[in-house]
Amino acid sequence: MFDTNEYFEGKVKSIAFNTEQKSATVGVMAAGDYVFNTQQKEKMSVISGKLSIQLHHSDENTDYQAGESFEVAANSSFKVSVPHDTAYLCEYG
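If you're wondering where the values come from, they're calculated on a predicted model, not measured in any experiment.

Here we take up the pattern of salt bridges. Scanning the entire structure with this criterion turns up three salt bridges. The salt bridge involving K13 is made with E6; its shortest N-O contact spans 3.8 Å. Judged by its relative accessible area of 41%, K13 is partly exposed. Note that K50 is salt-bridged to D63, the shortest N-O span being 3.5 Å. With K50 in strand 6 (residues 50-55) and D63 in strand 7 (residues 62-65), this pair connects stretches of sequence that are 13 residues apart. For K50, a relative accessible area of 24% translates into the label partly exposed.

Turning our eyes to something else, we now look at the packing of aromatic side chains. Tallying each qualifying case throughout the model produces six aromatic pairs. Centre to centre, the rings of F8 and Y34 are 4.8 Å apart; their planes meet at 50°, and the pair counts as tilted. Note that F8 is positioned in the loop between strand 1 (3-7) and strand 2 (12-18) and Y34 in strand 4 (residues 32-37), a separation of 26 residues in sequence. Relative accessible area serves as the criterion here: at 33%, F8 is assigned to the partly exposed category. Y34 sits in the buried class, given a relative accessible area of 4%. Three or more aromatic residues joined by ring pairs form one cluster here, namely F8, Y34, F36, Y64, F70 and F78.

Parameters at a glance
- Residues numbered from 1 in each chain as written.
- Predicted model: local features only at pLDDT ≥ 70, side-chain atom pairs only at ≥ 80, totals over all residues.
- Heavy atoms only, no water.
- Salt bridge = Lys/Arg side-chain N within 4 Å of Asp/Glu carboxyl O.
- Buried < 20%, exposed > 50% of the residue type's maximum accessible area, 1.4 Å probe, protein only.
- Helix = DSSP H or I, 4+ residues; strand = E, 2+ residues; numbered from the N terminus.
- Phe/Tyr/Trp six-rings, centres within 6.5 Å; stacked < 30°, edge-to-face > 60°.

Okay, here's the thing in structure tokens:
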């Protein structure tokens, strides 16, 4: 079945599921600033809202709107600034 995850005192929530090719989560982030660590490669797609992303070893933020995606390397981290509640899809591997 589905696994639910909750991070940052409930400000980030997701539901994990498996596709035929890989595992994924779909979730929501409340407005705020967060740091995520990766164990495997991730592809994040914004479903609604906006994410401002600063990848590990970068000084620049890049904004992603609904319909846009970005990738994060395995064994890395990234900072996320969320200006307002945002929905996302994260695919692993």
